There are 2 protein chains.
Amino acid sequence: MIKSFKINATDSPLKKELKHKIDLKTKPLGALGKLENLAIKIGLIQETLSPKISEPTLLVFAGDHGIVAEGVSPYPQEVTWQMVMNFISGGAAINVFAKQNGWNLEVIDAGVNYDFPPELPIRNLKINKGTNNFLNQPAMTDAELIQAIESGAQLVTELADKGCNCVAFGEMGIGNTSAAAIIMSKITGIHLEECVGRGTGLDQHGLAHKIGVLSHAIENHVATQPLAVLKTFGGYEIAMMCGALLEAAELRMTILIDGFIVTSALLVAQHLYPEILDYCIFSHQSDEKGHQKMLQYLHADALLKLDMRLGEGTGAALALPLVEAAVNFLNEMASFESAGVSNK
Amino acid sequence: MIKSFKINATDSPLKKELKHKIDLKTKPLGALGKLENLAIKIGLIQETLSPKISEPTLLVFAGDHGIVAEGVSPYPQEVTWQMVMNFISGGAAINVFAKQNGWNLEVIDAGVNYDFPPELPIRNLKINKGTNNFLNQPAMTDAELIQAIESGAQLVTELADKGCNCVAFGEMGIGNTSAAAIIMSKITGIHLEECVGRGTGLDQHGLAHKIGVLSHAIENHVATQPLAVLKTFGGYEIAMMCGALLEAAELRMTILIDGFIVTSALLVAQHLYPEILDYCIFSHQSDEKGHQKMLQYLHADALLKLDMRLGEGTGAALALPLVEAAVNFLNEMASFESAGVSNK
């Protein structure tokens, strides 16, 4: 049994007060569009008319996937650990965007098939050295699933203790679009072919092969419940993000949701606790084929649509200035009265 | 005669080198989507593989419009000067977003119907105290049009001298969506009704009245050439932005285009010098009705779509972090080789 989470819906009479505060600002009614909705959402999460973003932290979870043995990715598995090394050297896209926009960045080994030297600044929460190949056997055991979810939750608890109230998750794992596509299909009921995309850049032939492999994998297992699906097809990084997402909502944090892989973890989480969506801001609609349909399924509209498909949390990293803009206008703009401006 | 500008297309063999540099970065090919196009565009503008954004400056031009006498706006004309006072007090949306994202902000009186105390930090380039009511007479004289364009150009020259290589323009002027709508219709050939929107918040009746007034105004004048259209229907702030846009392109600055009013100035500028578009980044697609069609006419795709319709340069102010992200990944990301990551 995984631990239970206590996640409350955020709706309250405060919503009306937040809207009223916004409507008195020196601008036409509604003229800040989506930023106004965002300001209300964050106010409700924090239960205040004057929300703040504190110590925003982006956790990048890395894990390997046994399914890569079936040739579902154009990159070799070793790229997972090599990219983790790139993260800690500061050379990846997520480093650039996190630094620019003021994120604290932490890199977590959730289950990479590599022994990192322990002195490196990598948080070692390794469950195992990569999942099993889920073509013929479950990706992980029940015990591993529980450990991954609880490790993710524990990590977020520690962040909250350090004063962080805004989190985002990113991931690195060669093969993880395969895991995410099956999770998506199983949970949403959308046909697998609609969920499988080119990942890091498969060609037409490679895509057809990937769909074939994943179709066989689905036929070989009977899992239907969300946690069983996560155990059977998931990755350690995906399971860990699922636990981290749930704990972040329990702790009333503002959660910036990144792309295809992170949203697959959220699909599991929201199936267990639908109220989690009150805490989620969708940062970027990925160019990976299935992501748009995931967002439609969740009735979600992403802040950014930049045609990116990189993972690592890059979409979330880029959206933070918009989240801060929403909070800042709510706190800092003058009202018609205070500024001496005639209202209509 | 207005001064002539020397604006060169940016396309060069450097484009291929920029693309090559991007393709060696530690990410799947094309995975940064629109940010990759943006990095190439800015590299071409600055003629370098390592562009930088220096002293980004947002100029907010304010001006009044005689057409407000016909009841085309729900707000009274005095809101123009009151909002200018709000800008210099720091209470408007543009103050909040400019401060957050690192813009230098300057407020320019291009032609407000108010005498500002000279000790205030408002750049006084006032052409006149509001334009004429263009229902029956041209909004401005030839001499005023020339003065406005040259003042805007001169201001940008001064910015460049101070080390600024990235500019955006914002505006404040009750009634200026009326001016922009006619400019749009005249230059693009799109029917007036498709160009006229609710501005700061007209209701259905008010919108019908606005369309009626502007239709009469069009019938009362024969202007067809871009500068004649600008003189007949424009505002001082729109004409000044037109000059500023042209000078910024001549000086190879990166220009962030804001919403409906700024784009109306660009419509005039690009009709005179089509190469100006090589220097323009479209920051935000406004919720004001005509803006989407303006962007289509220019074959432009905005970075942000946040349903805002506030003016002041707010869309441009919010887009700067994306522009900086494009430059930063180009300069700071590791290559596969330098990071020791296996390429496919």
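Residues numbered from 1 in each chain as written. Chains lettered and ligands numbered in written order. Predicted model: local features only at pLDDT ≥ 70, side-chain atom pairs only at ≥ 80, totals over all residues. Heavy atoms only, no water.

Peer 1: I keep staring at the nonpolar core and nothing clicks. Help me out?
Peer 2: Among soluble globular proteins, nonpolar side chains are generally buried collectively. Within the largest apolar cluster, 116 residues are counted, with the highest numbers of intra-cluster contacts made by L35 and F97 of chain A together with L35 and F97 of chain B. Here F97 of chain A is in contact with W103, T314, A317 and L318 of chain A together with L32, L35, A325 and F329 of chain B, once residues within four sequence places are set aside. (Core = buried A, V, L, I, M, F, W, Y, C linked by side-chain atoms within 4.5 Å. Buried < 20%, exposed > 50% of the residue type's maximum accessible area, 1.4 Å probe, protein only. Contact = heavy atoms within 4.5 Å.)

Peer 1: Could you clarify how one ought to interpret the pattern of salt bridges in this entry?
Peer 2: It is possible for side chains of opposite charge to pair when their charged atoms get near one another. Under the definition given, this model contains 27 salt bridges over all chains. K162 of chain A serves as the salt-bridge partner of E106 of chain A, at 3.9 Å between the closest nitrogen and oxygen. Of this pair, E106 of chain A sits in strand 2 (residues 104-111) while K162 of chain A sits in the loop between helix 5 (142-161) and strand 4 (166-172), and the two are 56 residues apart along the sequence. Residue E158 of chain B pairs with R123 of chain B through a salt bridge whose shortest N-O separation is 3.0 Å. Highlighted residues: E158 of chain B in helix 5 (residues 142-161) and R123 of chain B in strand 3 (residues 123-124), separated in sequence by 35 residues. Classification of R123 of chain B by relative accessible area gives partly exposed; the value is 29%. (Salt bridge = Lys/Arg side-chain N within 4 Å of Asp/Glu carboxyl O. Helix = DSSP H or I, 4+ residues; strand = E, 2+ residues; numbered from the N terminus.)

Peer 1: What am I meant to see in the interface of chain B and chain A here?
Peer 2: At the interface, 54 residues of chain B touch 54 residues of chain A. Summed over both partners, the interface of chain B with chain A buries about 4400 Å², with 61% contributed by carbon and sulfur atoms. Considering only the surface of chain B that becomes buried against chain A, Y75, L306 and K344 of chain B emerge as the three largest contributors, covering 13% of it. Inspection of the chain B/chain A interface yields two salt bridges. Run the count over chain B and chain A and you get 22 residue pairs in polar contact (both at pLDDT 80 or more). Breaking the side of chain B that touches chain A down by element, the ones donating at least two residues are helix 2 (34-46), helix 3 (78-89), helix 4 (93-101), helix 13 (314-332) and helix 14 (336-339) of chain B. Broken down by element, the residue count for the side of chain B that touches chain A peaks at eight residues, all from helix 13 of chain B. (Buried area = accessible area lost by both parts, 1.4 Å probe. Polar contact = N/O pair within 3.5 Å; in protein donor to acceptor, adjacent residues only side chain to side chain.)

Peer 1: Got a minute to help me understand helix 10 (residues 236-250) of chain A in this structure?
Peer 2: Side chains that are three or four residues apart share a direction in an α-helix, a result of its 3.6 residues per turn. For helix 10 of chain A, which comprises 15 residues, the first-to-last C-alpha distance of 21 Å matches the rise-based estimate of 21 Å (1.5 Å per residue) to within 8%. Of all the 15 residues making up helix 10 of chain A, 14 are buried; the element is thus mostly covered by neighbouring parts of the structure. (Expected span 1.5 Å × (residues − 1).)

Peer 1: Explanation requested: the domain arrangement of chain A in the structure shown.
Peer 2: Buried accessible area, meaning the area lost when the parts come together, often serves as the stated size of an interface. Residues and elements named next belong to chain A. Segmentation of chain A into domains returns domain 1 (14-51 + 329-339) and domain 2 (57-325). If you average the C-alpha positions of domain 1 and of domain 2, the two centres end up 33 Å apart. Taken together, the 10 residues of domain 1 in the interface contact 15 residues of domain 2. On the surface where domain 1 and domain 2 come into contact, there are two salt bridges. One salt bridge in this structure joins E47 and R252, with 3.5 Å as the shortest N-O distance. (Domains from an automatic or database assignment.)

Peer 1: Teacher, can you tell me more about the packing of helix 1 (residues 14-23) of chain B against helix 13 of chain B here?
Peer 2: Residues and elements named next belong to chain B. Two elements in contact, helix 1 and helix 13, have axes separated by 9 Å at closest approach and are oriented at 75°. In terms of orientation, helix 1 and helix 13 fall into the roughly perpendicular class. Here L18, K21 and I22 of helix 1 lie close against helix 13, whose contacting residues are F329, L330 and N331. Each residue belonging to the contact of helix 1 with helix 13 can be placed in one class, and the counts come to four nonpolar, one polar and one charged. (Axes fitted to C-alpha atoms, helices over the stretch in contact; angles between N-to-C directions. Parallel < 35°, antiparallel > 145°, perpendicular 65-115°, else oblique. Nonpolar A, V, L, I, M, F, W, Y, C, P; charged D, E, K, R; others polar.)

Peer 1: Got a minute to help me understand helix 3 of chain B in this structure?
Peer 2: Its 12 residues give helix 3 of chain B an end-to-end C-alpha distance of 17 Å, which sits within 8% of 16 Å, the value for a rise of 1.5 Å per residue. All of the buried residues along helix 3 of chain B are V79, T80, Q82, M83, V84, N86 and F87 of chain B. Looking at the buried side of helix 3 of chain B, the elements it contacts are helix 14 (336-339) of chain A together with strand 1 (57-63), helix 4, strand 2 (104-111) and strand 4 (166-172) of chain B. Phi for G90 of chain B, located one or two positions after helix 3 of chain B, is positive at around 90°.

Peer 1: Which parts of the structure should I look at to understand the relation of the copies chain B and chain A?
Peer 2: Between the two chain copies there is a screw-like relation: a rotation about an axis and a shift along it. The transform that puts chain B on chain A rotates by 180° and translates by 0.0 Å along the axis, for an RMSD of 0.0 Å. Given the turn and translation reported, the copies of this chain are related as if by a two-fold rotation axis. Taking C-alpha positions as reference, the residue of chain B nearest the rotation axis is L304 of chain B, located at 3.3 Å. A high fraction, 100%, of the interface residues of chain B reappear at the interface in chain A, so the copies pair face to face through one surface. (Least-squares fit on C-alpha atoms with pLDDT ≥ 70 in both.)

Peer 1: I keep staring at the packing of helix 6 (residues 176-188) of chain A against helix 8 (residues 204-219) of chain A and nothing clicks. Help me out?
Peer 2: Describing two packed helices takes the angle between their axes plus the distance from one axis to the other. All names here are of chain A. At a minimum axis distance of 11 Å, the contact between helix 6 and helix 8 shows a crossing angle of 55°. In terms of orientation, helix 6 and helix 8 fall into the oblique class. The way helix 6 lies across helix 8 gives a crossing that is right-handed. The residues of helix 8 that touch helix 6, namely those facing T177, S178, A181, I182 and K186, are K210, L214, A217 and I218. Here the contact of helix 6 with helix 8 is composed, by residue class, of five nonpolar, two polar and two charged. (Left-handed = near helix turned anticlockwise from the far one by under 90°.)

Peer 1: What am I meant to see in the sheet that holds strand 1 (residues 57-63) of chain A here?
Peer 2: The strands making up a sheet are joined through hydrogen bonds of the backbone, oriented either antiparallel or parallel. Residue and element names in this part refer to chain A. Here we have six strands laid out as an open sheet, ordered 3-2-1-4-5-6, and parallel in their pairing. A single partner strand is all that each edge strand has here, and the edge strands are strand 3 (123-124) and strand 6 (280-282). Relative to strand 5 (residues 254-257), strand 4 runs parallel, the two sharing three bridges. Within strand 5, the residue paired with C166 across the bridge is T254. (Pairing = 2+ DSSP bridges.)

Peer 1: So what exactly am I meant to see when it comes to the side chain of T188 of chain B here?
Peer 2: Residue and element names in this part refer to chain B. For T188, the location among the structural elements is in helix 6 (residues 176-188). The exposure class assigned to T188 is buried, which follows from its relative accessible area of 15%. Residues contacting T188, with those up to four places away along its chain left out, are L267 and Y297.

Peer 1: Would you explain the packing of aromatic side chains in this entry?
Peer 2: Any pair of aromatic rings gets described here by the distance separating the centres and the angle formed by the planes. Under the definition given, this model contains 12 aromatic pairs over all chains. Ring geometry for F61 of chain A against F169 of chain A: centres 6.1 Å apart, planes inclined by 50°, an arrangement best described as tilted. Of this pair, F61 of chain A sits in strand 1 while F169 of chain A sits in strand 4, placing them 108 residues apart in sequence. Each member of the pair, F61 of chain A as well as F169 of chain A, is classed as buried. Look at Y75 of chain A and F336 of chain B: their rings are 6.4 Å apart centre to centre, the planes differ by 15°, and that puts the pair in the stacked class. Residue Y75 of chain A is located in the loop between strand 1 and helix 3 (78-89), and its partner F336 of chain B is located in helix 14; the two belong to separate chains. Overall, the relative accessible area of 8% leaves F336 of chain B in the buried class. (Phe/Tyr/Trp six-rings, centres within 6.5 Å; stacked < 30°, edge-to-face > 60°.)

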